[in-house]
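Coordinate inspection notes
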Amino acid sequence: MILTGKTVTLHDMSLRDGMHAKQHQISLEEMLAVATGLDDAGMPLIEVTHGDGLGGASVNYGFPAHTDEDYLKAVIPRMRQAKISALLLPGIGTTDHLRMAYDLGVSTIRVATHCTEADVSQQHINLAAKMGMDTVGFLMMAHMVSAEKILEQAKLMVSFGANCIYCTDSAGYMLPSEVSEKMGLLREQLPGHVEIGFHGHHNLAMGIANSLAAIEAGATRIDGSVAGLGAGAGNTPLEVFCAVLERMQVSTGIDLYKIMDVAEDLVVPMMDHPIRLDRDALTLGYAGVYSSFLLFAKRAEAKYGIQARDLLVELGRRGTVGGQEDMIEDLAITMAREKGLLK
Amino acid sequence: MGKKLKAAIIGPGNIGTDLLIKMQRSEWIEPIWMVGIDPDSDGLKRAKEMGIKTTSDGVDGLLPHVFEDDIHIAFDATSANVHLENSRKLNDLGVIMVDLTPAAIGPYCIPPVNLADHARNLEMNVNMVTCGGQATIPMVYAVSRIQNVDYGEIVATVSSKSVGPGTRMNIDEFTRTTAGGVEKIGGAKTGKAIIVINPAEPPLIMRDTVHCLTEEEPDQPAITASILSMIEDVQKYVPGYKLVNGPVFDGRRVSIFLEVEGLGDYLPKYAGNLDIMTASALRTGEMFAEEIGKGAISLPTRNKGSEK
């Protein structure tokens, strides 16, 4: 694969997707330390919000240590060059949250829907584009449908006003050939001024390989996470990806040693558990299940005695999508009852 | 046997048609008119085939017939904007409005919680909140009538096929209105609503999860009994309303896992979200009719002067 001379914008997820792995308990100090470290290393875009996006604070997804406002207010004024993005899932967050984020100086909004439900993003994408934000349509669980379906949904988001479309491998299920096909079709069919991007999870250890395939197919934005801090087995580890891109002569504008230091000195010590491909994270990738279900399934295993792996496989079989965290406890109770573990 | 209230349905889409089928079985409400705006629409054709008078001139096509056909109640399944005008014109003629749109000009109505009050007060416009609200607010109330609820949260998961373009274009209205209902009618100090749309095939039956955080340690037996009795109350008009799991007690958290299967009248059974709206709206109309039949309230005096 030859990518020599290409330029790509990297987008760090450790302070948003990483919130899943931290059960949304990252402190303001940690957030500020990592964000300023990344800013200093040259990271152009950093996402900051609850793991489930603006307004994600809930019983269902977990209450965070601080509000979205508090995190954004702490981080944004301290950035020298990095821009801050926020995620918004219609159905969880609303245009009220979007306005709040805009007022606090968030420059990039990523409006995320399941890969077949782009039409719920209309009011949010419309508003963000009208306010002049860098407006990204973020199609989640993109492994579940064909490239043609992704393209159809991407076109809807572009028609609402998105200037960038993401193909999102929320389950870490995709293999490079699938990434090439989907990203390739998007690049071929979307207008030239619309950027395309890829968001990977490392549940089959394909984060780096998939991201390279995406760049080859025309992606100019790649999500990853410093030290991989993210849901499931984490996101594409950015310090590793930076080293690979440097060897492939792709320019990112990021100082490799500095991002290595942020990973090793700041992010790894923050981890509640090592971000690695354990049995349950591997099951996510193997069964095609939303990565943030991981810790919920582990907790349900501890409480109800049903193996997390069995829960995750069944959730995959049922076609659950992002946001259905409530189904995990519900299913665990049902399975425990069937096994006679509960009355 | 009471005297049936004669009714009009505005909006011949999925909701309006499902409502019409249910209404034809009602002992208290008799459907007379179906109001649309497109003469070629399937919905109007269906209504005509079912022996219902139709107009494609919107609410203005109905107004001249309100008195001669003795229409006393109208069910509006159009959109929030259209409802404002429909309600004004029909209320003017003394027609009670049951609002299935997100307009919410009138008070929220969750039948097993506050319908009796609305009927007794002869509210001229009541709003049916949202499908997620109808499915979950009774449960929040079932907890809050036992002890104070600091926070109530509902997660409604519905099949992609059952969510129409109106809801999709205005999904924020769903979350805001439902959260408002969780507070105002459910009795939670703070409310939050989440909707998840799932495209799985075959389509999933509507699922709802209700989480309440009580102010003090929850009184488990009292809350459980209250929930079970409320489930029965909802089942009277939505037979497919089912407690799947729970209540789960975890510290101050009370979680309730529900499934809502529809009757499959016009909409498929999985579309419990649409069914619970039409069933709740019809139940609302019936309660008004029952109260009128009992003589507990009287129909509003008709203002003949405003008839065109």
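Keep in mind the model is a prediction, meaning the values are calculated, not measured.

Okay, the overall build of chain A next. Across its full length, chain A carries 14 helices and 8 strands. Against the 2.2 N^0.38 benchmark of 20 Å for 343 residues, chain A shows a C-alpha radius of gyration of 19 Å, consistent with a compact globule. Seen through its principal axes, chain A has C-alpha atoms that stretch 60 × 45 × 40 Å. Going through the 343 residues of chain A one by one, you find that 58% of them count as buried.

The figure often quoted for interface size is the accessible area lost as the parts come together. Residues and elements named next belong to chain B. The domain architecture assigned to chain B consists of domain 1 (5-128 + 275-306) and domain 2 (131-270). Taken together, the contact pairs 21 residues of domain 1 with 26 residues of domain 2. At the level of secondary structure, the elements contributing two or more residues to the side of domain 1 that touches domain 2 comprise α1 (14-23), α5 (111-120) and α10 (272-294). A total of 6 residues in the side of domain 1 that touches domain 2 trace back to one element, the largest contributor, which is α10.

Strand pairing in a sheet is mediated by backbone hydrogen bonds. Such pairs are either parallel or antiparallel. Residues and elements named next belong to chain A. Spatial strand order, β1-β2-β3-β4-β5-β6-β7-β8: 8 strands in a closed barrel with parallel pairing. Each strand axis lies, on average, 25° off the axis of its neighbour in the sheet, ignoring direction. Pairing between strand β5 (residues 134-140) and strand β6 (residues 164-168): 4 bridges, direction parallel. Its bridge partner lying in β6, Gly137 is registered against Ile165. In the packing of helix α7 (residues 176-189) onto the sheet, the strands contacted are β6 and β7 (195-199), and the crossing angle to β7 comes to about 160°.

A word on the nonpolar core. Core analysis: the biggest nonpolar cluster contains 210 residues, and Leu139(A) and Ile165(A) have the highest contact counts within it. Among the elements that line this core, the one with the most residues is α10(B), at 9 residues. Setting aside residues up to four positions removed in sequence, Leu139(A) forms contacts with Thr113(A), Cys115(A), Ala118(A), Ile150(A), Gln153(A), Ala154(A), Ile165(A), Tyr166(A), Cys167(A) and Thr168(A).

This brings us to the packing of helix α13 (residues 308-317) of chain A against helix α14 (residues 326-338) of chain A. Residues and elements named next belong to chain A. Between α13 and α14, whose axes approach to 10 Å, the crossing angle comes to 115°. Regarding the angle of α13 to α14, the classification is roughly perpendicular. Viewed along their axes, α13 and α14 form a crossing whose handedness is right-handed. On the side of α13, the interface is formed by Leu311, Glu314 and Leu315, while α14 contributes Met327, Ile328, Leu331 and Ala332.

With that settled, consider the sheet that holds strand β6 (residues 125-127) of chain B. Residue and element names in this part refer to chain B. Here we have 6 strands laid out as an open sheet, ordered β3-β2-β1-β4-β5-β6, and parallel in their pairing. Pairing within the sheet leaves two strands with one partner each, and these edge strands are β3 (53-55) and β6. Here the strands of the sheet are splayed against their neighbours by 25° on average, with no regard to which way each runs. As paired strands, strand β1 (residues 5-10) and strand β4 (residues 71-76) are joined by 5 bridges and run parallel to one another. Each residue of the ladder has a partner; that of Ala8, found in β4, is Ala74.

Moving on to the packing of helix α2 (residues 28-41) of chain A against helix α3 (residues 68-75) of chain A. Axis angle and axis distance: for two packed helices, these are the angle between their axes and the distance between the axes, and together they describe the pair. All names here are of chain A. With their axes 9 Å apart at the nearest point, α2 and α3 run at an angle of 40° to one another. In terms of axis orientation, α2 runs oblique to α3. Helix-helix and strand crossings are classified by hand; for α2 and α3 the assignment is right-handed. Residue-level contacts link Leu28, Met31, Leu32 and Ala35 of α2 to Asp70, Tyr71, Ala74 and Val75 of α3.

What follows deals with the interface of chain A and chain B. Counting from both sides, the interface comprises 25 residues of chain A and, opposite them, 26 residues of chain B. No other element matches α14(A), which puts 5 residues into the side of chain A that touches chain B. Considered class by class, the residues forming the side of chain A that touches chain B number 6 nonpolar, 13 polar and 6 charged.

So, on to the domain arrangement of chain A. Along its sequence, chain A is organised into domain 1 (9-270) and domain 2 (292-338). Considering only residue class, the side of domain 1 of chain A that touches domain 2 of chain A consists of 6 nonpolar, 8 polar and no charged.

Here we come to helix α8 (residues 207-216) of chain A. All names here are of chain A. By the criterion of burial, α8 is predominantly enclosed, with 7 of the 10 residues buried. Within the span of α8, buried status applies to Gly207, Asn210, Ser211, Leu212, Ala213, Ala214 and Ile215. Close packing links the buried residues of α8 with α7, β7, β8 (221-224) and α9 (238-247). Following α8 by one or two positions, Gly218 has its phi on the positive side, about 120°.

On to the environment of Asn273(B). Residues and elements named next belong to chain B. Its location among the elements puts Asn273 in helix α10. In this structure the C-alpha to C-alpha distance between Asn273 and Gly43, which are 230 residues apart in sequence, comes to 20 Å. Contacts of Asn273, omitting those with residues within four sequence positions, involve Cys131, Val158, Ser162, Met206 and Val260.

It is a general feature of regular strands that their side chains alternate between the two faces of the sheet. All names here are of chain A. Of the two faces of β8, the one carrying Arg221 and Asp223 and the one carrying Ile222 and Gly224 are both buried. As paired elements, strand β1 (residues 9-12) and β8 share 4 bridges and run parallel to each other. Bridging from a neighbouring strand, Thr9 pairs with Arg221 of β8. Taken together, the 3 bridges between β7 and β8 define a ladder with parallel strand orientation. What sits directly across from Phe198, in β8, is Ile222. Tracing the backbone out of β7, into α8 and back to the parallel element β8 gives a crossover that is right-handed.

All names here are of chain A. Helix length check: α2, at 14 residues, gives a terminal C-alpha distance of 20 Å against a target of 20 Å (1.5 Å per residue), a fit within 8%. Taken residue by residue, α2 has Met31, Val34, Ala35, Leu38, Asp39 and Ala41 as its buried positions. An end-on view of α2 places all buried positions within 165° of arc, on one side of the element. Taken together, the buried residues of α2 touch β1, β2 (45-47), α3 and α10 (256-270).

This part takes up the pairing of strand β10 (residues 241-250) of chain B. Sheet topology note: the β10(B)/strand β11 (residues 253-260) of chain B ladder contains 7 bridges and is antiparallel. Within the sheet, the bridge partner assigned to Leu243(B) lies in β11(B) and is Leu258(B).

Residues and elements named next belong to chain A. Inspection of the secondary structure puts Ala217 in the loop between α8 and β8. Of the residues examined, Ala217 has 21 C-beta atoms within 10 Å and is grouped as buried. With 20 residues separating them in the primary sequence, Ala217 and Pro237 have C-alpha atoms 20 Å apart. Contact partners of Ala217, with chain neighbours within four places excluded, come to Ser180, Met183, Gly184 and Arg187.

Parameters at a glance
Residues numbered from 1 in each chain as written. Chains lettered and ligands numbered in written order. Predicted model: local features only at pLDDT ≥ 70, side-chain atom pairs only at ≥ 80, totals over all residues. Helix = DSSP H or I, 4+ residues; strand = E, 2+ residues; numbered from the N terminus. Rg over C-alpha atoms; globule rule 2.2 N^0.38 Å. Buried ≥ 20, exposed ≤ 12 C-beta atoms within 10 Å, placed from the backbone. Domains from an automatic or database assignment. Contact = placed C-beta atoms within 7 Å. Pairing = 2+ DSSP bridges. Axes fitted to C-alpha atoms, helices over the stretch in contact; angles between N-to-C directions. Core = buried A, V, L, I, M, F, W, Y, C linked by C-beta atoms within 7 Å. Parallel < 35°, antiparallel > 145°, perpendicular 65-115°, else oblique. Left-handed = near helix turned anticlockwise from the far one by under 90°. Nonpolar A, V, L, I, M, F, W, Y, C, P; charged D, E, K, R; others polar. Right-handed = clockwise from strand over helix to strand, strands pointing away. Expected span 1.5 Å × (residues − 1). Arc of directions from axis to C-beta.

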